Amino acid sequence: MPRDIITLECTEARPEGKSPSRYVTTRNKKSLRTPGRLEKVKFNPALKRRTLHRELR
């Protein structure tokens, strides 16, 4: 199977003392465009704004 299931976690919530939001998505294992950890801007309901979410390992 060429796709992995990954979890994205908010990077801005913990320093502010709020709970980080998490999203579950997939990524292509064979893609040369994303060799490192995947980063996306997603909505965090605890902070009520869009924040950077980084892949957990």
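Description of the structure in this document. (Residues numbered from 1 in each chain as written. Predicted model: local features only at pLDDT ≥ 70, side-chain atom pairs only at ≥ 80, totals over all residues. Heavy atoms only, no water.)

## Here's the deal with the sheet that holds strand β2 (residues 22–28)
Taken in spatial order, the 4 strands of this open sheet run β2-β1-β4-β3, and their pairing is antiparallel. Two strands in the sheet have a free side with no partner beyond their single neighbour: β2 and β3 (39–44). Neighbour-to-neighbour, the strand axes of this sheet turn through a mean angle of 40°, independent of strand direction. Here strand β1 (residues 3–10) runs beside β2; their pairing, made up of 7 bridges, is antiparallel. When the bridges of β2 are listed, Asp4 appears paired with Arg27. (Pairing = 2+ DSSP bridges. Helix = DSSP H or I, 4+ residues; strand = E, 2+ residues; numbered from the N terminus. Axes fitted to C-alpha atoms, helices over the stretch in contact; angles between N-to-C directions.)

## Let's talk about the side chain of Thr51
Within the secondary structure, Thr51 sits in strand β4 (residues 49–55). Once you skip the residues sitting within four places of it in the chain, Thr51 turns out to touch Cys10, Glu12, Lys40, Val41, Lys42 and Asn44. (Contact = heavy atoms within 4.5 Å.)

## So, the packing of aromatic side chains
Under the definition given, this model contains 0 aromatic pairs. The side chain of Lys42 reaches across the aromatic face of Tyr23, ending 4.7 Å from its centre. (Phe/Tyr/Trp six-rings, centres within 6.5 Å; stacked < 30°, edge-to-face > 60°. Lys NZ or Arg CZ within 6 Å of the ring centre and 35° of its normal.)

## What to know about the pairing of β4
The pairing of β1 with β4 spans 3 bridges and is antiparallel. When the bridges of β4 are listed, Cys10 appears paired with His53. In this sheet, β4 lies alongside β3 in antiparallel orientation, the contact comprising 6 bridges. Note that in β4 the partner of Val41 across the bridge is Leu52. Remark: 4 residues form the turn of the hairpin made by β3 and β4, two consecutive strands paired antiparallel; Lys48 in that turn has positive phi of roughly 60°.

## Description of the pattern of salt bridges
Tallied over the entire structure, the rule returns 7 salt bridges. A salt bridge links Arg49 to Glu16; its shortest N-O distance comes to 2.8 Å. Pair noted here: Arg49 is in strand β4 and Glu16 is in the loop between β1 and β2, with a separation of 33 residues, a long-range link. Arg49 sits in the partly exposed class, given a relative accessible area of 34%. By relative accessible area, which is 43% here, Glu16 ends up partly exposed. Connected via shared salt-bridge partners are Glu9, Arg14 and Arg22. (Salt bridge = Lys/Arg side-chain N within 4 Å of Asp/Glu carboxyl O. Buried < 20%, exposed > 50% of the residue type's maximum accessible area, 1.4 Å probe, protein only.)

Read these as layout, nothing more, since geometry by itself doesn't imply function.
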